[in-house]
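Per-entry structural report
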Amino acid sequence: MDAALDEENEAAAPARRFQIARLTWREELAHFRGVLRNYADASLVLHRRLGEVIHVRFPDPAVSLVHPRHNRRVLRSHVLNYPKSPEYEVLRPLLGDGIFVSDGEVWTRQRRILAPEFRAAVAPRFIPVIAADVEALFRERWEPSVGGPPRDLSDDLMRLTLWVVGDAIFAQDFRGSADAVGHALEVVLTHATRLMLSGGLYKAWMPTPGNRRARRAERELDAIVERLIVDARAALDPSGQDVLTRLLKAKDADGRPAMSDRQLRDEIKSLVLAGHETTSLALAWSLYLLGDHPEVHRRLVEEVDAVLGGRTPTADDVPRLVYTRMVFLEAMRLYPPVPLVPRILREADEFDGIRLEAGTKITLLPYVTHRLAEFWPRPDEFDPERFAPGRIDAIEPYSYLPFLLGRRACLGEHFAMLEGIVALAMIVDRYTLTRADRAPIATRPISTLRMARPLRMRVERRRRG
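First things first, this report covers the structure right here in the doc. (Residues numbered from 1 in each chain as written. Predicted model: local features only at pLDDT ≥ 70, side-chain atom pairs only at ≥ 80, totals over all residues. Heavy atoms only, no water.)

Of the two faces of strand 5 (residues 341-344), the one lined by V341 and R343 and the one lined by P342 and I344 are each fully buried. Note that strand 5 and strand 8 (residues 361-364) share 4 bridges and pair antiparallel. From the neighbouring strand, R343 faces strand 8, where its bridge partner is I362. (Buried < 20%, exposed > 50% of the residue type's maximum accessible area, 1.4 Å probe, protein only. Helix = DSSP H or I, 4+ residues; strand = E, 2+ residues; numbered from the N terminus. Pairing = 2+ DSSP bridges.)

Spatially, 5 strands are ordered 1-2-3-8-5 in an open sheet, and the strand pairing comes out mixed. If you trace the sheet from one side to the other, it starts and ends with strand 1 (21-22) and strand 5, each paired once. Contacts from helix 2 (residues 25-50) reach strand 1, strand 2 (53-56) and strand 3 (62-65), with the element oriented near 160 degrees to strand 2. Running over the sheet, helix 3 (residues 68-77) touches strand 2, strand 3, strand 5 and strand 8 and is turned about 120 degrees from strand 8. (Contact = heavy atoms within 4.5 Å. Axes fitted to C-alpha atoms, helices over the stretch in contact; angles between N-to-C directions.)

Backbone geometry places Y398, a non-glycine residue, at a positive phi of 70 degrees. Relative to the helices and strands, Y398 is located in the loop between helix 14 (366-369) and helix 15 (413-430). Using a relative accessible area of 11% as the deciding quantity, one classes Y398 as buried. Located in the positive-phi region is L404, a residue other than glycine, with phi close to 60 degrees. Tracing the sequence through the fold places L404 in the loop between helix 14 and helix 15.

By the definition in use, this model includes 2 cavities of 30 Å³ or more. Counted as a void, the largest cavity has a volume near 60 Å³. If you go around the largest cavity, the residues you meet are F174, S177, V181, L221, I224, V225, L228 and V272. With 4 residues, the top contributor of residues to the lining of the largest cavity is helix 9 (residues 209-234). Of the residues assigned to the lining of the largest cavity, the class counts are 7 nonpolar, 1 polar and no charged. Reported here for the second largest cavity is a volume of approximately 40 Å³. Surrounding the second largest cavity, E135, F138, G310, R311, T312, M426, D429 and R430 form its lining. Where the lining of the second largest cavity is concerned, the elements lending two or more residues are helix 6 (127-142) and helix 15. The dominant element in the lining of the second largest cavity, judged by the number of residues it contributes, is helix 15, at 3 residues. (1 Å grid on protein atoms, 1.4 Å probe; cavity = no way out; pocket = protein on both sides within 12 Å on 5 of 7 lines; lining within 4 Å. Points joined across faces, edges and corners; volume = space filled by probe spheres on them. Nonpolar A, V, L, I, M, F, W, Y, C, P; charged D, E, K, R; others polar.)

Take the layout of surface pockets next. Rolled over the atoms, a probe with the dimensions of a water molecule shows which regions are left empty. The calculated volume of the second largest pocket comes to roughly 520 Å³. As for the second largest pocket, its lining consists of 24 residues, and the residues nearest its centre are R325, L329, Y400, F403 and E413. Counting only elements with at least two residues in the lining of the second largest pocket, the list comes to helix 13 (322-334) and helix 15. At 5 residues, the largest contribution of residues to the lining of the second largest pocket is made by helix 15. Class assignment for the residues of the lining of the second largest pocket results in 19 nonpolar, 2 polar and 3 charged.

With antiparallel pairing, 3 strands are arranged side by side in an open sheet as 4-12-9. Of all strands in the sheet, those with a lone pairing partner are strand 4 (151-152) and strand 9 (431-435), marking the two edges. The sheet contact formed by strand 4 and strand 12 (residues 456-461) spans 2 bridges and is antiparallel. Pairing of D152 across the sheet is with R456, part of strand 12. Across the sheet, helix 15 is in contact with strand 9 and strand 12; its angle to strand 9 comes to roughly 90 degrees.

Relative to the helices and strands, M332 resides in helix 13. Since its relative accessible area comes to 1%, M332 is described here as buried. Separated by 50 residues in the primary sequence, M332 and A282 place their C-alpha atoms 6.0 Å from one another. Those residues in contact with M332 that lie beyond four places of it in its chain are A282, P337, H370, Y400, P402, F403 and M417.

The next subject is helix 5 (residues 104-114). Taken residue by residue, helix 5 has W107, Q110, R111, I113 and L114 as its buried positions. On an axial view of helix 5, the arc spanned by its buried residues comes to 160 degrees, and they lie on one face. With respect to the buried face of helix 5, the exposed residues turned more than 90 degrees away are E105 and R112. Buried residues belonging to helix 5 abut helix 10 (243-249) and helix 11 (261-292). (Arc of directions from axis to C-beta.)

Attention now goes to the packing of aromatic side chains. Evaluation of the coordinates by the stated rule reveals 12 aromatic pairs. With centroids separated by 4.9 Å and ring planes inclined at 85 degrees, the aromatic side chains of F126 and F415 adopt a geometry described as edge-to-face. Here the residue F126 occupies a position in the loop between helix 5 and helix 6, and F415 occupies one in helix 15, the gap between them amounting to 289 residues. The class for F415 is buried, based on a relative accessible area of 4%. What links up through ring pairs into an aromatic cluster is the set F138, W142 and Y431. The ring of Y335 is capped by R371, whose NZ or CZ atom sits 5.7 Å from the centre of that ring. (Phe/Tyr/Trp six-rings, centres within 6.5 Å; stacked < 30°, edge-to-face > 60°. Lys NZ or Arg CZ within 6 Å of the ring centre and 35° of its normal.)

This part covers the packing of helix 7 (residues 153-170) against helix 8 (residues 178-197). Look at helix 7 against helix 8: their axes get within 10 Å of each other, and the N-to-C directions meet at 110 degrees. With respect to each other, helix 7 and helix 8 are oriented roughly perpendicular. Contacts between helix 7 and helix 8 involve R159, L162 and W163 from the former and A178, D179, V181 and G182 from the latter. Among the residues making up the contact of helix 7 with helix 8, the classes are represented as 4 nonpolar, 1 polar and 2 charged. (Parallel < 35°, antiparallel > 145°, perpendicular 65-115°, else oblique.)

Laid out in C-alpha cells, this is it:
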C-alpha cells in the first residue's frame, strides 16, 4: 500500500478527536524524576493517567503519541514530514552515517544497498549458521553448567547473538571480540541515553568522565570493525555469500565501489548493534516470562518435542513452530526491544483535533502502545494466544511495533524473527531453565529495553544433543 492510499484509508477511518494533555510544573518535575529513573515506566504511568497525547515541557518540550492512528501517521502516511529527531545525533560518534542514524538521501541510498541482503526470501539461508552458534553456546557454556550454580543468561544470549552476527553476516568469528564489542556498545548506549534525557543540559563535548569513557569505547569499536574490513578484503572470496563480502563487491552504475571504507565501517557498526542487541533482549525476556508461566512453557515444550524431538531445526521446521513464534511475539509486546522512537515535525500538521507546530519534537512509545487496554485486553498479562493464527490478523494496525512499520521498518526483521524462533526452540528442546529467585526483574531502558539486573537461571538437561 503506498502512502497516498494509506492516507486515504486514514481519512476514511471513523473520526476521533484527541485532547493534548498538559502538565503543571510540579507534575513536570515529578515526571522528569521518573524519566531519569526509568523513562519507559514513567511514560506508561503518565499516559494511563492522562491519555494518548501528552505535551511535556521539561527537560525539553515534546509531544508523545501512543495511539495506533498517530503511529501510522508518523511512520507511514506522513512519514516524510516526521524525520528522525536531533536526539539521534548523540549516536553519530558511534555509528557515523550508518543506516541507524542517517536520514534523507544518504539513508535512502544505504537502505537500497542493504535491503536485498535481508529480504524474507533469503533469510532462511542463515538458519544453519544460527543453529551452529546455538549448539556452540550449549557446548561451551551451558553443558559445563548443568546441575551447577545459576548462570547469567542475559549475558550468554548477548554473546550468542554477537556470534551469530559475526558468522552469518560477516563470516567472521566474533568469539574473541564479543566481550570488547558488548562492553563498548553498553558504554556508548548508556551514555547516549544520559545525553538524550538531559534535554541538552549535558553535552557530548564536555570533558566529563562519562564522555571520555564513551569516546574510548567508540575508538575501540572502530578499531575492531576496521580490522574486520581489512581481514575480509585480504580473504575476499568472489563466490562468498555473506553480507560483508557482498557489500565489498557491490558496485555503483559507474563501476566504482558502492560504499567507501568509512561508509562500510558505519554500516557494519549499525548492523552489529541492530543485529545482536535487540534479538538477545527479546530472547532473554522470553525466557524470563516462560520461567514465570509454567503452563505456557509446557505448551511450548509439547510443540518443540513434536516438531524437533532433538533434531537441529531446518528451514522446513520453522513454519511448524507456530507456538514458539507466538511466545516470541508476545514477549516483544510486553518488552519491545526499542521502547521509544523520537521524531521531529518538519511542517505544521493538524489531525484528530490536534495542531502541532513545525519543529515540534515527537515521541512514539511502543512500550506504552503495546499496553493500551483498548487494543490489548489484560495488557500487562503474558498471553501468547494474542498471536494465534486465527487472531493475529485482527490485531489493530500500528498497535504492535517491535520492528516499527512503514518506510523505517527494521531492515533485519526477518533475520531477527528466524534467529529468535530457532534459538528459543533449541533452548527449550535441550534444557530446562529455572529462575534462581522469584523476584520480578524490572526494565532498564537505554536506547533498548534491557533488564535491570542479570537473568540468573539454573541449567538442567532435558535431552542430550
